[in-house]
Amino acid sequence: AKGAEARLDAWITPPAYTSKPPIMLADGGLSLARLQEVSPVGAIVVPDRSALIVRASGAGMRGLALEVLTGEAPQRLEASAPVNPTEVMELKLEIRSSGTVRVSSGGTQVASWSFTVIPDHTPKIALTKPPERSARGGLKVFYKAEDDYGIVSAEARIKRISPRTFSEHLRAAEIGRLHARGVG
């Protein structure tokens, strides 16, 4: 009995905090020869720490390998050929740098994708004006916070310099730590 035809499935899963959908690269619906013809032209833009998942199965798949080409030394990941052609081989790669990933089986390249990685920037927070006393005697802090994937929380830690009246203290307040935490 003839085994199932060779199948390659591949996709990118961005980190959950980005709220970006997965990107399908190969859905197993094309022959391996046709897959080479329809590969995307140009680099695919992905967030830092996205996961590339490549699965292969079927007759004719003689192992599975990823060759990762970035500005650093090439990296190679391998899954040996299964004993039973119905078994699935899977490789996962966390994408940290822009570059190209080549997929091969038995030494023959079956797919290739280039990626441009979008870095996850550190959240930024800054006071927009000096702290003030509220009508009820509390401290009002005015700030702006931003992050490329949204802000989860922000906190300020206020430290008294020396015992003074509240209004004097406000003018001389030391902002001990102003911190924002982004989603990533």
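Whatever comes next refers back to the structure up there.
Residues numbered from 1 in each chain as written. Predicted model: local features only at pLDDT ≥ 70, side-chain atom pairs only at ≥ 80, totals over all residues. Heavy atoms only, no water.

S.K.: Mind laying out the pattern of salt bridges, listing which residues take part and the relevant values?
M.R.: This model, assessed by the stated rule, comprises nine salt bridges. With a shortest N-O distance of 2.2 Å, Glu90 and Arg55 are connected by a salt bridge. Residue Glu90 is found in strand S7 (residues 89-95), and its partner Arg55 is found in strand S4 (residues 50-57); the two are separated by 35 residues along the sequence. On the basis of relative accessible area, Arg55 is assigned to the partly exposed category, the value being 34%. (Salt bridge = Lys/Arg side-chain N within 4 Å of Asp/Glu carboxyl O. Helix = DSSP H or I, 4+ residues; strand = E, 2+ residues; numbered from the N terminus. Buried < 20%, exposed > 50% of the residue type's maximum accessible area, 1.4 Å probe, protein only.)

S.K.: Summarise the pairing of strand S6 (residues 75-79); cite the residues concerned and give the values.
M.R.: Here strand S5 (residues 64-69) runs beside S6; their pairing, made up of five bridges, is antiparallel. Counted as the bridge partner of Leu64 is Ala79 from S6. Hairpin geometry of S5 and S6 is characterised by an intervening segment of five residues between the two adjacent antiparallel strands. (Pairing = 2+ DSSP bridges.)

S.K.: With reference to specific residues and values, describe the sheet that holds S6.
M.R.: Taken together, the five strands give an open sheet; going across it, the order is S3-S9-S8-S5-S6, and neighbouring strands pair in mixed fashion. Strands at the two margins of the open sheet, each flanked by one partner only, are strand S3 (44-47) and S6. On average, each strand axis in the sheet is tilted by 30° relative to the strand beside it, whichever way the strands run. Taken together, the five bridges between S5 and strand S8 (residues 99-105) define a ladder with antiparallel strand orientation. (Axes fitted to C-alpha atoms, helices over the stretch in contact; angles between N-to-C directions.)

S.K.: Give me the lowdown on the sheet that holds strand S1 (residues 7-13), citing residues and values where you can.
M.R.: Pairing in this open sheet of four strands is antiparallel, and the strands run S2-S1-S4-S7 from one edge to the other. Every other strand in the sheet has two partners, leaving strand S2 (23-27) and S7 as the edge strands with one partner each. The sheet shows a mean angle of 10° between the axes of neighbouring strands, taken without regard to direction.

S.K.: Describe in detail the packing of aromatic side chains, supporting the description with residues and values.
M.R.: Following the criterion strictly, the structure yields one aromatic pair and no others. Note on Tyr17 and Tyr149: the rings are 5.7 Å apart at their centroids and 70° apart in plane angle, and the pair reads as edge-to-face. Remark: Tyr149 occurs in the loop between strand S11 (139-146) and strand S12 (151-159) and Tyr17 occurs in the loop between S1 and S2; sequence separation between them is 132 residues. Taking the relative accessible area as the measure of exposure, Tyr149 reaches 18% and is therefore buried. Directly above the ring of Phe142 sits Lys129, whose terminal nitrogen or CZ lies 4.2 Å from the centroid. (Phe/Tyr/Trp six-rings, centres within 6.5 Å; stacked < 30°, edge-to-face > 60°. Lys NZ or Arg CZ within 6 Å of the ring centre and 35° of its normal.)

S.K.: Describe the pairing of S4, naming the residues involved and giving the relevant values.
M.R.: A large share of S4 lies buried, amounting to six of its eight residues. Bridging between S1 and S4 involves seven bridges; their strand directions are antiparallel. Bridging across to S4, Thr13 finds its partner in Ala51.

S.K.: Explain the nonpolar core to me, and be specific about the residues and the numbers.
M.R.: Ranked by size, the top nonpolar core spans 28 residues in total, and within it Leu52, Leu64, Leu66, Val103, Trp113 and Phe115 carry the most contacts. Ranked by residues supplied to this core, first place goes to strand S9 (residues 108-118) with five residues. Those residues in contact with Phe115, other than ones at most four positions away along the chain, are Ile12, Leu25, Ala43, Ile44, Val46, Ile95, Ser98, Gly99 and Val101. (Core = buried A, V, L, I, M, F, W, Y, C linked by side-chain atoms within 4.5 Å. Contact = heavy atoms within 4.5 Å.)

S.K.: Any details on the environment of Leu77? Residues and values, ideally.
M.R.: If you trace the backbone, Leu77 turns up in strand S6. In contact with Leu77, not counting residues within four places along its chain, are Leu64, Ala65, Leu66, Val68, Leu91, Lys92 and Leu93.

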